[in-house]
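Analysis of the macromolecular model
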Amino acid sequence: MATLAHDAHTPTQTHAEVTRDVVNTLGTAGRGYFMLLGLAVAMFLVGAVTFVALLKYGLGLAGYTPPVMWSVYITTFVFWIGIGHAGTLISAILFLFRSPWRTVVYRATEAMTVFAVMTAALFPIIHIGRQWFFYWLLPYPNSRYLWPNFKSPLIWDVFAITTYFTVSSTFLVVGLVPDVAAARDKMFGWRKKIYEIASLGWKGTHEQWRHYTRAYLYLAALATPLVLSVHSVVSWDFAMSLVPGWHGTIFAPYFVAGAIYSGVGMVLTILIPLRKALKLEHMFTEYHFDNLAKLTLFTGSILFYAYAMEYFVAWYSANKFEQTSFWLRAFGPMWWAGWTMIICNAFVSQLFWFKKIRTNLTALFVISIFINIGMWFERYVIIVSSLSNDFEPWAWGQMNPTWADWGILMGSFGWFGMWFLLFARTFPVVAIQEIKETIPWPRLRKGGH
Amino acid sequence: MTDESTSEQIDRRKFLKVLGVTGGGALALSGCSTDRVTKLIPYLVQSEDQVPGVATYYASTCTECHAGCGLHVKTREARAIKLEGNPEHPVNAGKLCARGQAGLQGLYNPGRLKGPKARAADGSFQEITWDEAINRLADKVGAARGKIAVITGAAPGTFSDLLSAWTTALGGQVVRYHAFDHEPMRAANRQVFGIDELPAYDFAKARYIVSFGADFLETWLAPVEHQRGFAESHGYQDGQMGKHVAFGPRMSLTGMNADEWHAIRPGSDAVLALAMANLIMSERTGAPADANGLRGVLAPHTPEAAAQETGLPAEAIKRIAREFASAKPSLAVAGGVGNQHRGATELCAAVNILNYVAGNVGQTVNFGAALAAGDGYGSMNDLAKRLDAGEVTVVLVHEANPIYSLPKSSKFSGKFAKATFKVSTSLFLDETARECDLLLPGHHALERWDDARPRRGVTGLMQPVMQPVFNTMATGDVLLKVAQRLGGPLASISAPSFEAYLKTAWQTQVPRGSDFDTFWRGALQRGGVYGSAPATPVRLAPGAQQVGYHKPAFDGTETAGDFIFSAYPTSMLHDGRGANRPWLLEMSDPVTKITWHSWVEIHPDVARDLDVQEGEILRLTSPFGSIEAPAYVYPGLHPGLVAVPLGLGHTEFGEYAKGRGVNALDLLNGEAPGGFLPYLATRVSVAKTGKYQRVAKTEGNVRQLGRGIADALTLEQARSGVAPALAEKAGGHEGEENPPREVAALKGWREEQQEEARLGAYAQDFPKWAMVVDLARCTGCSACVTACYAENNIPTVGPEQILRGREMTWIRIERYYEGGESPGEPLETRFVPVMCQHCGNAPCEPVCPVYAAYHTADGLNGQVYNRCVGTRYCSNNCPYKVRYFNWLAYGQQAFREPLNLQLNPDVTVRARGVMEKCTFCVQRIRGAQNQARMEDRTLADGDVVTACAQACPSSAIVFGNIKDPGSRVARLASDQRGYHLLEDLNVRPSVTYLAKVLHEAEG
Amino acid sequence: MRTLAFVGGGALVLSAVVGATTLGGRASPHPAAKDTTIVSSLTPGQIAKLPGPRQPIFFRHDIHAGQFEIPCRYCHYSVAVASEPGMPTMETCMGCHLVIGGTDSIAKAEITKVRKAWNDKQPIEWVRIHTLANFAHFPHQRHLKAMGPMACLTCHGDVKRMPQVYLVNKVNNMGFCTNCHMQRNINKDCTACHY
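Residues numbered from 1 in each chain as written. Chains lettered and ligands numbered in written order. Predicted model: local features only at pLDDT ≥ 70, side-chain atom pairs only at ≥ 80, totals over all residues. Heavy atoms only, no water.

**Quick notes on the overall build of chain A**
Operational definition: The secondary structure listing takes helices from DSSP runs of H or I that are at least 4 residues long and strands from runs of E that are at least 2 residues long, numbered from the N terminus. Note on method: radius of gyration uses C-alpha positions; expected globular size equals 2.2 Å times residues raised to 0.38. Exposure classes here rest on a 1.4 Å probe applied to the protein chains alone. A residue is buried below 20% of its type maximum, exposed above 50%, and partly exposed in between. We call two residues in contact whenever any of their non-hydrogen atoms come within 4.5 Å of each other. Per-residue accessibility takes into account occlusion by the displayed protein chains alone, with areas from the Shrake-Rupley method and a 1.4 Å probe. Positive: Lys, Arg. Negative: Asp, Glu. His and the chain ends are not part of the count. To locate a charge, take NZ of a lysine, CZ of an arginine, CG of an aspartate or CD of a glutamate.
Per the secondary structure count, chain A includes 15 helices and zero strands. Taken over C-alpha atoms, the radius of gyration comes to 23 Å for chain A, in line with the 22 Å a tight globule of 449 residues would show. Along the longest, intermediate and shortest principal axes, the C-alpha atoms of chain A span 75 × 60 × 45 Å. Within chain A, buried positions represent 59% of all 449 residues. Of the contacts made within chain A by residues no fewer than 6 positions apart, 81% connect residues no fewer than 24 positions apart. Carbon and sulfur atoms form 73% of the exposed surface of chain A, whose accessible area is close to 18500 Å². A distance of 8 Å separates the average location of the 32 positive side-chain charges in chain A from that of its 21 negative side-chain charges.

So this is what it looks like as structure tokens:
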């Protein structure tokens, strides 16, 4: 792959070109696109069929082996929740920090966030024994005087996820409005109609811009704490329990860092092919990837520290349960998973100290794949390995996933990919109007922002 | 207790429909779904003893082995739903073993024959009517002209008498055949004491027990009785505790419960017993005078000689002999089936001498009881010969399965086939029935009138507790009908029904001054008549002079790399009759914890040398056959031994048994001389097949990693009152006081209650249910597990699910090893029954998102199945891992017709997708509370007994209200031996364990 | 036709009075009680309009429990001692209907069914109206003890006035149980009923 044209920091193109390039990404797609979409839908169907089987015969189809009562499903759930975080970080936090490099990538990442959360939200339903009673986890008045148990971290999860989904999807939609309008103006025929509806009558008046910018700012402010809170809550599913290997105060920051790390990994995995497919090489430049890589390096290093701490604390605590748990994590029956996680996350990310690697797309892509794998295994190790050998030695047991586990995992990727692909063809994956802001522009009037 | 004395009531019960009006889960398997009985079908006639929703108990007698334990049969809506021990019965005193309880699954077994069948021309079986069947039998029997033989496994009793009378009247021969008949013991008793009977052994009295391969806790004579006695003698009580030493090539469950187990060279134990006797004679006085005549015989058998033979240090032998002699009374036992080598008779004789010289005969060995026994293996061989010679044309097989329980090498089935007309009364289509021409399926013991005389002075009664499940007929009635039809020689045997016959027979027993009806009613209520047999004093017979020791011979030529093969009985499958009971198949073997299939036990060193991993399928080949089974590496073996359990490898016997596992008998010599079948007398070669099969076992990590789960104290520590926790630390601090246990159990409890009261939620003061498990008494026999399965509608899940660790045992017996890691270091086994600990500060409760797991006012850790959505978080957070998840609809396959008739209507049948666990038998608690409220009284200690505590033969489990200071549980919970599992977690369990007590290792 | 209707209506009123004054089957000296003739005949049309499922035998609680004041427990024999109320055995029915053959044609027909069933030793398969899910355990005896004669009414409605029994309260809805328990502040422990 070509190394990137230098000094792409300041975009050279004119406003017209921006709009043109981006809007061109919409409209009719090529065969490649539909093959990809078909693949995604097929994978999703595999998952759907598996789920129906689970409904019919029970969770026993999956590889659960007591004492391992949670495994692949919860792993994948945490994985997808984590993916979302990078999106919010980039789109919201970096916006508040006025970081210039976010403008180009944020739309794609925000979309990724929404779809990742949509994927994760399926798992609390999939993984329970009687899926048809899922609604019992929601607080609703009933004649039996029964309420959910607000002490249970699982209930916190329900709230965290729903909040996260609401905010981030609103954020995405609001951000889209001006761009959809821009697209609308370039469209003809029935397409125009659709975009007209979607653009919610956006005319670009002064008032609209004023409301828009305010709303955008507040939503960003609203989304910011979620980056920290949501994954903290998810981490408490584990930290709040007694299980050695889960029962750690380090968990919330540890998980948040991991989440952003995995999220950025996923951003790289998506953007690198995307810029090529959509012919936006001149927009997604070395400058952006370099920054993404740095972010990865930063969060990866935090993980490195967290891993080290986990083992240190386990040893230093002199708690024989913790010690056994971590010893077996590294040298027990699941050593391979344990080391996959450490190598992929703690060590691979360290390669980003070298600018050569940060700016080599091939390397970036390969490493991003490693990151995704590593982060999935992190959750798998934490969940399965810790449960396999906790307090009661007689009850120890190892689990092996079955087709039902892989089916759902595959389905989740299909579901996510399906939505993202549909989005990429229907809506601007680059924020037209925000890019225009980065291009020098004589302000004619006060106001705006 | 109600009784069924008049035939009129029996007629009435005919009208009772099994479909009661209960809305309970009896027939609806959907468990936590809301579909329900839509029809109400009333009884035609109201019966005096069946009130809908109220359990009725009938006294009966267990027929699963010849110990003849007394039963209380719990029935609901005229269905037997649970078997419990009869407290009045002298043998089991209210306790019952796993096999006895599983008798229910014999009654409701899907593999039962649904009605009489006859073999058609094409060799298949065809349904016929009972009249037809009886006609055929009568014709054949009439035509046989004396060439009749009857093989019966029935216990002595009125039926056996009828059978003998019937057969002899026809000029036939009756062979009473028991697979495990203990012939060597009786031979030895003839030889040494000149008395041909099996004595009763008083384990409770014995202060020192030495077992020469007698598995008295498993299959030897009357296991439940022995276990009760053993718990009395060996359980720790105010500073006292008996000692138990076990010799034998394999460590059975009995060996695991010994303070010392010594692996001796197979077959060398007779000389050991003689050496001990010799030492006692030479060192001690007080042996009976006539024993002096033995000095000469014993002299050559010095401890050194014995050491030479057995491979034990002579010092150990001397020490044990001295301890044995100084403990009064002591008890030595031998004659276990698993240790039945060629020299078994010699061994039993030697042990008789040992008991005699130690003065135990008449103390702990009581002749006169004459335990039930058959005619022995020899007479079975004679019959086989007669069959072979064509001297028998008609054979009737009753409650016996010789084609399975005799080795193939005896070629019995071929000889059996030579009889022209073969009749089976078996309830199942077993191997023998399959070869028969006429099948007359009899009633199950719970469906018929019968009695049993397990020993002199004890007669147990059986009465029909419910309508027959299938179109079967009591064999007694069949015999009577045939007699009626034939007349002639049988004319003398006439009664309208076997019930009438039985009553007539009982007329003779009526004591002076009481009329028959009162006597009969009383007998039915108590379950029989229980007297004590007059003791028969015995003296040495001349035969005693012949005792001696010869190296026992082993079949097959001795070549390098050969092993001696041991086929031993397990406490679950016995002689194979347990193999069609899902409960017993799923029950993990107390020793190896393996379920559902056969295995080959090999010693760890051997495994290392042969490079064999657990699960590798090994082929064992003897001169008589070969079998293949997965390896299980077991440290409790003599390295020269490989062992395979008996009881599996059926070729018939219903879907559960058929084709499951291998039959260890295939390797044995079926034509061995000596009047008994030697189970430990064959050499085998072991070959690796390279195939693997994961072993379906419930065993996890066998070491407790110093986590204080199975705590133990030395006798010294126990006496000086050291807390188990402290004992863990180097010897413990002498005389340190242990904080009262109930303080921990009740800590914070009252505050919580007052808070509740303040909130107005609970007006009254509630009890706090708690449990105590005494590890010094628990033998790991697993009777409690079966009791729990029966009481709580727990489904069996099958081997595939067990491989995924998904067994549903609400109470499980954990078996931890201590020591035995370095050569010479003794291997100690500790059993810990683990059920839900009902923590006062339970980790499972706060994490449940829907309050399905919550704390009840009376201290239970409630589990509301119909609220559970199945997040399984509670199980993750449970440090004891005692919560079990219903992964697939287990109930659907476990409770198929007619097994579902056993279900307890008071307990929900759980649906899939919900978490379930031990409830402290909450249904029994609520039932007792309802009863107490109806009678306007408060619950008394003992009103509520959990199923496990009720069944436990060694009374290791005690349940009650710990807030009542007078209750047994409160007193025991404050015992200084008490501790909680994983106490440091501060979950405040309601279950207190009393640490096991060990004799200081010596010698 | 009009007369019939009048008679029927009168009877309904009458039995209403009877029912009102004889709750829980306590015998009370009431003229209607002594009157043994069936006055409350219903026309097929009226019967068709009655709520509730049609039973294999058109058994009229309003006559048995209402007019003749037969105590509930006479037929539901185990209700006061067991968790299950118990359905009357055929023997119980025949106790009276060996003699009583019914006055009007409908009654006659129905009673013939009962006798036939008894002769064929075929129990009648009643349609179940009040059912609980099998994970809910309801001890009838304790509720009777606690609430006395009014107990039956509370859940089953005034059966004495029902020519044909129908579901008055949704007894299988947990809300119906909890309401009572809340108002009276009695045991609200889940495992009181669910185990």
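**Digging into the packing of aromatic side chains**
This is how the line gets drawn: Two rings from Phe, Tyr or Trp (for Trp, the six-membered ring) form a pair when their centres are within 6.5 Å of each other. A pair whose planes differ by under 30 degrees is stacked, one over 60 is edge-to-face, and the rest are tilted. Here, a charge over a ring means that NZ of Lys or CZ of Arg falls within 6 Å of the ring centre while also lying within 35 degrees of the ring normal.
Applying the stated rule across the entire model yields 74 aromatic pairs over all chains. Ring plane angle 65° and centroid distance 4.8 Å describe the contact between Phe321 of chain A and Phe391 of chain A, whose orientation is recorded as edge-to-face. Here Phe391 of chain A lies in the loop between helix H13 (361-388) and helix H14 (403-426) and Phe321 of chain A lies in helix H10 (residues 320-331), a separation of 70 residues in the sequence. The same class applies to Phe321 of chain A as to Phe391 of chain A, namely buried. Pairing Phe885 of chain B with Trp887 of chain B gives two aromatic rings, centres 4.6 Å apart and planes at 70°, and the pair type is edge-to-face. Both residues of the pair, Phe885 of chain B and Trp887 of chain B, belong to the buried class. Following the ring pairs from residue to residue traces out a cluster consisting of Phe44, Phe79, Trp80, Phe115, Phe413, Trp415, Phe416, Trp419, Phe420, Phe423 and Phe427 of chain A. In this structure, Arg425 of chain A packs its charged tip against the face of Tyr33 of chain A, placed 5.3 Å from the ring centre. One cation-aromatic arrangement involves Arg250 of chain B over Tyr568 of chain B; the distance from NZ or CZ to the ring centre is 3.5 Å.

**A short note on the sheet that holds strand S6 (residues 125-127) of chain B**
Two pairing modes exist for strands in a sheet, parallel and antiparallel, and in both the strands are linked by backbone hydrogen bonds. Residue and element names in this part refer to chain B. Note the cut-off: Here, a strand pair is defined by DSSP locating no fewer than two bridges between the strands. With axes taken as lines fitted to C-alpha atoms, and helix axes fitted only over the stretch in contact, angles between N-to-C directions fall between 0 and 180 degrees.
Read from one edge of the open sheet, seven strands run S6-S5-S17-S16-S15-S7-S8, paired in mixed fashion. In this open sheet, the two edge strands, each paired with only one partner strand, are S6 and strand S8 (173-176). Alignment of strand S7 (residues 148-152) against strand S15 (residues 394-398), held across five bridges, turns out to be parallel. Note on S15: the bridge partner recorded for Thr152 is His398. Taken strand by strand, helix H14 (residues 376-388) contacts S7, S8 and S15, and its axis lies near 140° from that of S8.

**Re the sheet that holds strand S28 (residues 769-774) of chain B**
Residues and elements named next belong to chain B. The strand order across the open sheet built from four strands is S35-S28-S37-S36, with neighbouring strands paired in mixed fashion. The open sheet terminates on both sides in strands that have one partner only, identified here as strand S35 (957-961) and strand S36 (978-979). Sheet topology note: the S28/strand S37 (residues 991-994) ladder contains four bridges and is parallel. Residue pairing across strands places Asp774 opposite Leu994, the latter belonging to S37.

**Section: the confidence of the model for chain A**
For residues with low pLDDT, the predicted coordinates do not support detailed interpretation. All names here are of chain A. To be explicit about the condition: The pLDDT score gives, residue by residue, the confidence of the prediction method on a 0 to 100 scale.
For chain A, per-residue confidence averages 86 on the pLDDT scale, and 93% of positions sit at 70 or higher. Of all secondary-structure elements in chain A, the lowest mean pLDDT belongs to helix H1 (residues 15-24), at 71, while helix H2 (residues 31-57) reaches the highest, 93. Contacts of residues 1-11 to residues separated by more than four positions or lying in other chains number 14 contacts, the stretch itself having pLDDT below 50.

**Points about the environment of Gln950 of chain B**
Residues and elements named next belong to chain B. The cut-off we apply is this: We call two N or O atoms a polar contact when they sit within 3.5 Å, provided that within protein one can donate a hydrogen and the other can accept it, with sequence-adjacent residues counted only if both atoms are side-chain atoms.
If you trace the backbone, Gln950 turns up in helix H34 (residues 947-951). Sequence-wise, Gln950 and Ala787 are 163 residues apart; in three dimensions their C-alpha atoms are separated by 8.3 Å. Not counting residues up to four positions away in its chain, the partners in contact with Gln950 are Lys82, Glu84, Gly94, Lys95, Arg924 and Val945. Among the polar contacts made by the side chain of Gln950, one reaches the side chain of Arg924 at a distance of 3.0 Å.

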